[in-house]
Amino acid sequence: MSYSPHTAADRERMLAAIGVGSVDDLFADIPAAVRATRFELPPPLAEQEVRAELNRLAGQNRIPQVSFLGAGVYRHLVPSVVSEVIGRAEFSTSYTPYQPEVSQGTLQSIYEFQSLICELTGMEVATASHYDGATATAEAALMACRLTRRHRIAISTAVNPQVRHVLATYCAGPGIEIVEVAADTAEGGTGLTAPAVAAGLLSDDCACLIAQQPNMFGGIEPMAELADAAHAAGALMVAVVEPTSLALLAAPGSYGADIVAAEGQPLGIPASYGGPYVGLMAARMDSVRQMPGRLVGATRDGQGRKGYVLTLQAREQHIRREKAASNICTNQALCALAAATFLSAVGPEGLRELADLSAVQARHAAAAIESAGLGERRFSAPYFAEVAIRIPDAARRHAALADQGIVAGYPLERDYPELADTLLLAATELTTDADIDALIAGLESTR
Amino acid sequence: MSTTLPDDRRYSREHEWVRIEGSMAVIGITSFAADELGDIVYVELPELGATLAQFSSFGVVESVKAVSDLFAPVSGDVAEVNEELRGSPELLNTDPFGAGWIAKVTLSDAAEMEQLLDAAAYAELTAG
Amino acid sequence: MSVLERPASGDASGRGAAFTSPEAGEKLTIVEPLIFDASRPGRRAVRYPLPSTAARAAAGDQPAIPEAAARASAPRLPEVAELDLLRHFNRLSHLNHAIELGFYPLGSCTMKYNPKVNEWAARLPGLADSHPLDPDPLAQGSLELEWLLAELLKEISGFAAISLQPAAGAHGELTGLLMARAYHRSRGEGEQRTKVLVPDSSHGTNPATATMVGYTAVTIPSNPRGGIDLEALRAALGPDTAALMITNPSTLGIFEDQIDQVIAAVQKAGAIAYMDGANLNAILGRFRPGEAGFDVMHFNLHKTFSTPHGGGGPGAGPVGVSERLAPFLPSPLPLLVAGDADEVRRNAWAGRPTPGARFALEEAGARPTSIGKVRAFTGNFGMFIRAYTYIRSNGGDGLREVSNDAVLAANYLRVRLADAFDLPYDRICKHEVVFSGRRQKREHGISTLDIAKAILDHRIHPPTIYFPLIVEEALMIEPTETESLETLDAFVEIMHGIAEQAREDPDALRRAPLTTPVGRLDEAAAARRPDLRHAFD
């Protein structure tokens, strides 16, 4: 039944104190015309029955033995210490820290998270997190519109399609126009966004240019030149980045990004069929008042002790209401804690090892496919840890391999009709040499 | 909370004050407003050259827990803003009638002052 | 100047604790050092294997990362050993109050027990390792769970269709208003319908969401009984109304006893009736919003359905909709593409699979009327696992008991505290009750904030304060159904003690809290001179 501790005697006592005969009397003010006429739910289950049901559902999934699937969500090791920390009830069963005196654990861990994201991205201020990378990017675009007072945004088609779909939904309400900057997906193309092409499309009413690093095809974009093109048009540069790549790739703050958005899932958060994840956002200090979401700041108490509080709350919905920068109420605190614990656990050396191993194995896989004559790289540009490979009859072979428990990446044709027979293969630190051998064997067997 | 209202100026129902200084009108908020808001942490000042219309919004004042629009008590173009408020918004709490002035505008229509309250009338408004 | 919000008078911005400006070079006592302070070059917790020689050799044939794109210097992440890392976060956790330590009667948040079996379920590798882009044949368990959860939420709420996609309540509100907008546009009324009506007691997310969608929020006053003023509502409704957003029970914890007339008026004006479902814990089995005629409602899985609050997320805010809004739901939806829905449900409720049943994600472009995506993938699946586990554990009977006991407990506190604190609306409440601290304010100069800080010294989290805005010195108490009578009685005693202390020794209350890891914090300084990140130099 429910987790209520109340016995019949407890209920009697409460009813007597209240002065009503039965609990139904407490619901007498629901107009008869709108009372529920049905509530046909399954019967309650004891814990062993609940476990059996969840095991049944888990058993209906077939987690692949070998997977090269990325496309925005990456299989990484979740270190035991991360699971341990977020499993602590003091972190997981507490609420938003509106009473800071009894929430210093949450508040300080968010301050550390903000610090870590600033350091990783090379930016001056980071928020306490957002729902996911896609919504963080949408919020960044709206923020750019507020800062520049312009109503149009330019975005590369090499930004993850999930992100672009969410952006379109968020822009519909305020009537913000979206201009697409086509990435070079032509035969023999780079797979990148050309700064000259971006410059040509950046009209003087564009609030920002949004580009992704590495991009949807794994390619390493010319971010500094794209930022220059944006600035030349009076627009802001919004960089959407993959956080583990920042161990090896330049920090956005170093190439002129004005706002950074990212999906933080690779930082110690399981794939979990799409969520919960954690959106990252960072910017320069001079735009902090236009940043949506929560911020934690350091201060002191009356006895000279250092403490942390939610601050600059006048931006937020519970104060500004219809004039708020955004309607956000929750951040993703427990996921942000996972990311902060992860970054602290791996340190700069660990993150570099992770990124290096991912990059090596992606190249190893691409080389193995090419040397076996099974396919070739679709684009010429260098990549980080994801690469687009053209393989004949890819759709059939991808499905056949999935049946065998091998997911051979993401079929790009789903979002890019011009990229038929092209699979996006991702490698991470979990990709073993045996995995690559299995992929090759699988592709051979489905020729 | 200050109980003596300067009588060298006029007051709006929205708790702004305006004082004539030559051809300029100096604008600020009253101690009543500052007290209601609590410790002020930020002021969004108008831009130089902006044209203000009487009784329309021209800026924002933020405290830790509240936010307020500023409404221009008179019309005019913004000639000067109090840069001190950027680094020390608390001036609005400590000296709202003096060092905490917000902006100076070139007064476009002196007759607008007639629509505002004198010190006594404002004191009555805020007494209740 | 117009004050958009009633400020908390005598508030935490320093008045009570008499903060002085920090002196130059003032050294503050550190409760727990930052993780960066434990960092020493060369330490770390996690190691990874190195690439094999063969792998590096093969990789050498592929283009390297260009110098121009490479990072100049390593990020200054902490370098700590695993034990020191764990000690740091364990000690930080000890600074928090949590449901699993003590009473947490935060009104409007529903701080009920977060069952451990939910956590066990969410960690099952078969569910936790499911990739959202895995081919549908590999994700039948994930898809079935989403489908079954949606079926359960439909039955609970009486709505025709569900989207699980929104990540939080506010996100659900955004989704709801975007669907309302799409609906009006589909009928050629998009341009004319520009206003969203919200009660003056509404949560701040309601008007904030209206603005995000491009609407103007119009406030409707409440009547003296605590419900929305029906006449004022009827006067405000018109051809320019896009929607009414209303919480029911209201944020005062009171059921809108004219809700049928409210919905009728909204529908007559051709507008969308949106219910903020934050207070669903009060009405399970008693009132089904979809059945009553609402067009759309968001659920808060982290409130009514026991998923943990996590210190501020993650949550989940699925929406239920009526038939007329169903075409506009976010995409893709999880669909049953082979098999009979009734049979699949029946079997699932009995713990059996249905052979031949097959699920799939809606095809891209299959439903052009959809508002699109409000977030990547299908939603916070980890929270769906927990909510599904909770609903199956409770069953229908358990959920009825949830609301019965939640409402019983809140009314019990109402009558037991009514002598000590003003009760602005002296009538039966639902799952939460709103008191006013105005008597203490007027007679002893003690604010609701002071009362809250005093409660902290008793190892209890204070109720919600200063919300809703229409109650002076508001104190909103929501006990939930999972607190024992002893806990409730102990709380009553503490509150009586504080009311007495307000009379006898108000200065002591103004100094509270005294036994928490830190005392009242200087929030004004935090906002004036923001320090939002660790400075390395």
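Below is a summary of the structure that appears in this document. What you are looking at is a predicted structure, and each value in this text was computed from that prediction instead of being measured.

### Describing the packing of aromatic side chains
Thinking step 1. Across all of its chains, the model carries 19 aromatic pairs over all chains by this definition.
Thinking step 2. Between the aromatic rings of A:Tyr111 and A:Tyr308, the centroid separation amounts to 4.8 Å while the plane-to-plane angle is 45 degrees, which identifies the pairing as tilted. Here A:Tyr111, found in helix α5 (residues 104–121), pairs with A:Tyr308, found in strand β10 (residues 306–310); they are 197 residues apart in sequence, far enough to count as distant. Assigned by exposure class, A:Tyr111 and A:Tyr308 land together as buried.
Thinking step 3. Ring centres of C:Tyr183 and C:Phe328 lie 6.4 Å apart, and the angle between their planes is 85 degrees; this geometry places the pair in the edge-to-face category. One end of the pair, C:Tyr183, is in helix α6 (residues 169–186); the other, C:Phe328, is in the loop between β8 (319–321) and β9 (334–338), with 145 residues separating them in the sequence.
Thinking step 4. Members of the aromatic cluster, connected to one another through ring pairs, are B:Tyr11, B:Trp17, B:Phe97 and B:Tyr122.
Thinking step 5. Here the basic side chain of A:Arg363 rests over the ring of A:Tyr383, its NZ or CZ set 4.5 Å away from the ring centre.

### As for the packing of helix α2 (residues 47–60) of chain A against helix α12 (residues 381–417) of chain C
Thinking step 1. Two numbers describe how α2(A) lies on α12(C): the axes approach to 10 Å, and their chain directions differ by 140 degrees. The orientation of α2(A) with respect to α12(C), classified from their angle, is oblique. In this structure, the crossing between α2(A) and α12(C) has a hand that is right-handed. Two secondary-structure elements touch here, α2(A) through A:Val50, A:Glu53, A:Leu54 and A:Leu57 and α12(C) through C:Ile385, C:Tyr388, C:Thr389, C:Arg392 and C:Ser393.

### Remarks on the pattern of salt bridges
All names here are of chain C.
Thinking step 1. Evaluated as defined, the whole model comprises 63 salt bridges over all chains.
Thinking step 2. With its nearest N and O atoms 3.7 Å apart, the salt bridge here joins Glu-155 to Arg-288. Residue Glu-155 is found in helix α5 (residues 140–157), and its partner Arg-288 is found in the loop between β6 (272–276) and α10 (289–292); the two are separated by 133 residues along the sequence.
Thinking step 3. Taking relative accessible area as the criterion, Glu-155 reaches 11% and is therefore assigned buried.
Thinking step 4. When its relative accessible area of 6% is taken as the criterion, Arg-288 is described as buried.

### Some thoughts on the interface of chain A and chain C
Thinking step 1. Contact with chain A, which involves 190 residues of that partner, is made by 218 residues of chain C.
Thinking step 2. Buried surface at the junction of chain A and chain C, summed over both partners, amounts to about 17,800 Å²; 62% is from carbon and sulfur atoms.
Thinking step 3. Connecting chain A to chain C are 14 salt bridges.
Thinking step 4. Between A:Arg38 and C:Glu155 there is a salt bridge, with its nearest N and O atoms 2.7 Å apart.

### Things to note about the sheet that holds strand β5 (residues 206–213) of chain A
Strand-to-strand pairing in sheets goes through backbone hydrogen bonds, with the strands running parallel or antiparallel.
All names here are of chain A.
Thinking step 1. Reading across the sheet, the 7 strands line up as β2-β8-β7-β6-β5-β3-β4 and stay open at both edges, with mixed pairing between neighbours. Taken across any chain shown, the strands that pair with only one partner, and hence form the sheet edges, are β2 (125–126) and β4 (177–181).
Thinking step 2. Alignment of strand β7 (residues 259–263) against strand β8 (residues 279–283), held across 5 bridges, turns out to be antiparallel. For Ala-261, the partnering residue across the bridge sits in β8 and is Met-281.
Thinking step 3. Across the face of the sheet, helix α7 (residues 161–172) comes into contact with β3 (152–156), β4 and β5 while running at roughly 175 degrees to β3.
Thinking step 4. Across the face of the sheet, helix α9 (residues 223–232) comes into contact with β5 and β6 (236–241) while running at roughly 150 degrees to β6.

### Quick notes on the environment of C:Gly141
Thinking step 1. Mapped onto the elements, C:Gly141 comes out in helix α5.
Thinking step 2. Using a relative accessible area of 0% as the deciding quantity, one classes C:Gly141 as buried.
Thinking step 3. For the pair C:Gly141 and C:Leu178, spaced 37 residues apart in the sequence, the C-alpha separation amounts to 30 Å.
Thinking step 4. Apart from the residues within four sequence positions on either side, C:Gly141 is in contact with A:Leu57, A:Gln60 and A:Asn61.

Analysis parameters
Residues numbered from 1 in each chain as written. Chains lettered and ligands numbered in written order. Predicted model: local features only at pLDDT ≥ 70, side-chain atom pairs only at ≥ 80, totals over all residues. Heavy atoms only, no water. Phe/Tyr/Trp six-rings, centres within 6.5 Å; stacked < 30°, edge-to-face > 60°. Helix = DSSP H or I, 4+ residues; strand = E, 2+ residues; numbered from the N terminus. Buried < 20%, exposed > 50% of the residue type's maximum accessible area, 1.4 Å probe, protein only. Lys NZ or Arg CZ within 6 Å of the ring centre and 35° of its normal. Axes fitted to C-alpha atoms, helices over the stretch in contact; angles between N-to-C directions. Parallel < 35°, antiparallel > 145°, perpendicular 65-115°, else oblique. Left-handed = near helix turned anticlockwise from the far one by under 90°. Contact = heavy atoms within 4.5 Å. Salt bridge = Lys/Arg side-chain N within 4 Å of Asp/Glu carboxyl O. Buried area = accessible area lost by both parts, 1.4 Å probe. Pairing = 2+ DSSP bridges.

Limitation: the analysis is restricted to geometry and does not speak to function.
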